[in-house]
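Chain by chain, the residues run as shown.
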Amino acid sequence: MFMKSLRSLFALLVIPLVLSMGLGLSASAMAADGQTNQQQVATNDVDLWRAVKAGDSGYTTAKGVETGVLINVVGNEGKDVRNEYLVPVMGITVVGVFAAFLFFYLVNGPSKLSKGFSGKMVLRWSKADLWIHWVLATSCLALIFTGLNIMLGKYILQPYIGEGLWAGLIYGSKTIHDWIGPVFIVSWILCVVKWMPLQTFKMYDLKWFLVVGGYVNFGPFKGKHPDSGFANAGEKMWFWTLTIFGLFIAASGLMLVLPGLDLPREASMAALLIHGISAIIIIAFTIVHVWMATVLSEGGMECMVSGYCDENWAVQHHNLWYDELKDSNGIVYKD
C-alpha cells in the first residue's frame, strides 16, 4: 500500500516536470528553427537584391528583349557618363569655341581682300548646290539648337522659367528634333555624294594649315595666302568631319527613334552616347564653319547666297581652282 502511494506521488511530481521540460525544449527548438528560417529568408532576400542590382537575368512571363532584367546596369552607367561628362563637355564646347573665335575676331579682325572687290562675279555653286547646302544647314542648326535644349536646357533654362513653359519647350524641342532628323539625313547623303570628289586632300593643303589659311592679320603669317583648290584645307576638314560623324549621328539617331527595332537596352544606351559625342564634335566644327564663312572671310558669304564669288576673292582664297577655270576657259561671269 505504501509503495503504491509512493508511485502515485512520483507520478504527480515527476511526470509534469518531465513534460514541462520537454515542452520547453520543443518550444526552444521551434524558436530556433523559426529564427533560422528568418535568417535564411533574409539571406535569400539579400542575395536576390544583390543579383537584381548586378543586372542578373531572371524569369518573367512578359515577352520582349531583356524582360527578365529588372535593373540594367549598363544603362545606369551610361546615364551617369552622359550626365557627368557629356553634358558639361557640350556646354564647355559651345561656350569655349564661340568665345575663342570671338576673341580672335576682336584681336585679328576679318580677312580682307588684298586687292578689294573687283565687281566681277564668278560662278562657283550651282542652284542644286545652294539648295543642298541651305537645307542641310537649316536642318543641322535646328537639330543643334533643339539638341542643346534637350541636353542643357534643364540646367540653364528650366530653373528660370515656369513649369508649363518648360514642359512645352522641351516637348517641342524633342518633336522638332525627331522630325527634322530625316531631312538632315537626306540632305547629308546628297551633300556627301555630290561634293566628295572635290574634297580629296592634296600636299598643298598642309601649307594652308601651317599659315592658318591666310586669315591672320599680324606677325609672320600676315599676308600669307596659301594655295587652294575648289575647297581649301579647312573646308575639307569640315566636310570629312561632317561625313564621318554625320553617319554616326544618323545611324544612332535612327536607333533611338525607331521603336520597331526592339534593341537591347545596352545598344540603345551605346547609341545615345555615340549620338552625344558625335553631336559635340559637329557642333564645334559648325561654330568654326559659321564664323569662317560669315565674319572672318570678306566676301565669303556671297558664295552661298547667289552662287557667285568675287573674282578677287577666288584668286586670293582658291587660286588653283580659279587658274584651272581660266586655263580651260571655264569661267562663267554673272550677267
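Counting starts from 1 at the beginning of each chain's written sequence and moves along it residue by residue. Local features in this predicted model are restricted to residues whose pLDDT is 70 or higher, and side-chain atom pairs enter the listing and the counts only when it is 80 or higher, whereas totals over whole chains, interfaces and linings include all residues. Each side-chain value is worked out from all heavy atoms of the structure, with water and hydrogens disregarded.

1. Some remarks on helix H6 (residues 233-257)
Threshold: Here a strand is any run of E in DSSP of at least two residues, a helix any run of H or I of at least four, and the numbering for each starts at the N terminus. A helix's residues, less one, multiplied by 1.5 Å, set its expected span. What the bend at a residue measures is the angle between two axes, fitted to the seven residues ending there and to the seven starting there. Think of it in three bands: residues with accessible area under 20% of the maximum for their type are buried, residues over 50% are exposed, and the middle band is partly exposed, with areas taken using a 1.4 Å probe on protein chains only. Contacts: residue pairs with any heavy atoms within 4.5 Å of one another. Here a polar contact is taken to be a pair of N or O atoms separated by no more than 3.5 Å, where protein atoms must pair a possible hydrogen donor with a possible acceptor and residues adjacent in sequence count only if both atoms sit in side chains.
Counted at 1.5 Å a residue, the expected span for H6 with its 25 residues is 36 Å, and the 35 Å between its end C-alpha atoms agrees. Along its length, H6 shows its largest kink, about 25°, at Phe-245. By the burial criterion, the buried members of H6 are Ala-233, Lys-236, Trp-238, Phe-239, Thr-241, Leu-242, Thr-243, Gly-246, Ile-249, Ala-250, Ser-252 and Gly-253. Against the buried residues of H6 lie helix H3 (127-156), helix H4 (163-195), helix H5 (204-210) and helix H7 (265-296). The backbone nitrogen of Gly-234 has a side-chain oxygen 3.0 Å away, supplied by the residue at the start of H6, namely Asn-232.

2. A closer look at the packing of H6 against H7
For clarity, the threshold we go by: To obtain an axis, a line is fitted to C-alpha atoms, over the contacting stretch when the element is a helix, and the angle between two such axes runs from 0 to 180 degrees between their N-to-C directions. We call two directions roughly parallel when the angle between them is under 35 degrees, roughly antiparallel when it is over 145, roughly perpendicular when it lies between 65 and 115, and oblique otherwise. Left-handed describes a crossing whose near helix is turned anticlockwise from the far helix through less than a right angle; right-handed describes the clockwise counterpart. Under the scheme applied, nonpolar residues are Ala, Val, Leu, Ile, Met, Phe, Trp, Tyr, Cys and Pro; charged residues are Asp, Glu, Lys and Arg; polar residues are all the others, including Gly.
In the contact formed by H6 and H7, the axes pass within 8 Å of each other and the chain directions differ by 150°. Taken together, the axes of H6 and H7 lie roughly antiparallel to each other. Read as a crossing pair, H6 and H7 show a hand that is left-handed. Its residues assigned to classes, the contact of H6 with H7 shows 16 nonpolar, 9 polar and no charged.

3. Overview of the environment of Leu-242
Here Leu-242 lies in helix H6. The exposure class of Leu-242 is buried, given its relative accessible area of 4%. C-alpha separation for the pair Leu-242 and Ile-281, spaced 39 residues apart in sequence, amounts to 9.0 Å.

4. Notes on helix H10 (residues 319-327)
To keep it simple, the criterion reads: Throughout, the arc means the angular range of directions from the helix axis out to the C-beta atoms.
For H10, the set of buried residues is Asn-319, Trp-321, Tyr-322 and Leu-325. Seen from one end, H10 has its buried residues packed into an arc of 160°, which puts them on one side. Seen from the open side of H10, the exposed residues pointing more than 90 degrees away from its buried face are Glu-324 and Asp-327. Those residues of H10 that are buried lie in contact with strand S1 (121-123), strand S2 (308-310) and helix H9 (311-317). With its phi angle positive at about 55°, Asn-329 sits one or two positions after the end of H10.

5. Comments concerning the nonpolar core
The test is simple: Nonpolar cores were defined as sets of buried Ala, Val, Leu, Ile, Met, Phe, Trp, Tyr and Cys residues, with membership established by side-chain atoms within 4.5 Å.
Ranked by size, the top nonpolar core spans 52 residues in total, and within it Met-90, Trp-125, Phe-184, Leu-242, Cys-309 and Trp-321 carry the most contacts. Considering each element in turn, this core owes the most residues, 11 residues, to H7. With near-sequence residues (within four places) excluded, Met-90 lies in contact with Leu-148, Met-151, Leu-152, Gly-276, Ala-279, Ile-280 and Ile-283.

6. Description of the pattern of salt bridges
To be explicit about the condition: Should a side-chain nitrogen of Lys or Arg be within 4 Å of a carboxyl oxygen of Asp or Glu, the pair is scored as a salt bridge.
Taken as a whole, this structure holds 4 salt bridges when the rule is applied. Salt-bridge contacts for Asp-129 lead to Lys-194; the nearest nitrogen and oxygen are separated by 2.8 Å. Separated by 65 residues along the polypeptide, Asp-129 in helix H3 and Lys-194 in helix H4 bring together distant segments of the chain. Look at Lys-194 and you get partly exposed, because its relative accessible area is 38%. The residue Lys-236 makes a salt bridge to Asp-205 at a minimum N-O spacing of 2.8 Å. Remark: Asp-205 occurs in helix H5 and Lys-236 occurs in helix H6; sequence separation between them is 31 residues. Accessibility assignment for this pair places Lys-236 and Asp-205 in one class, buried.

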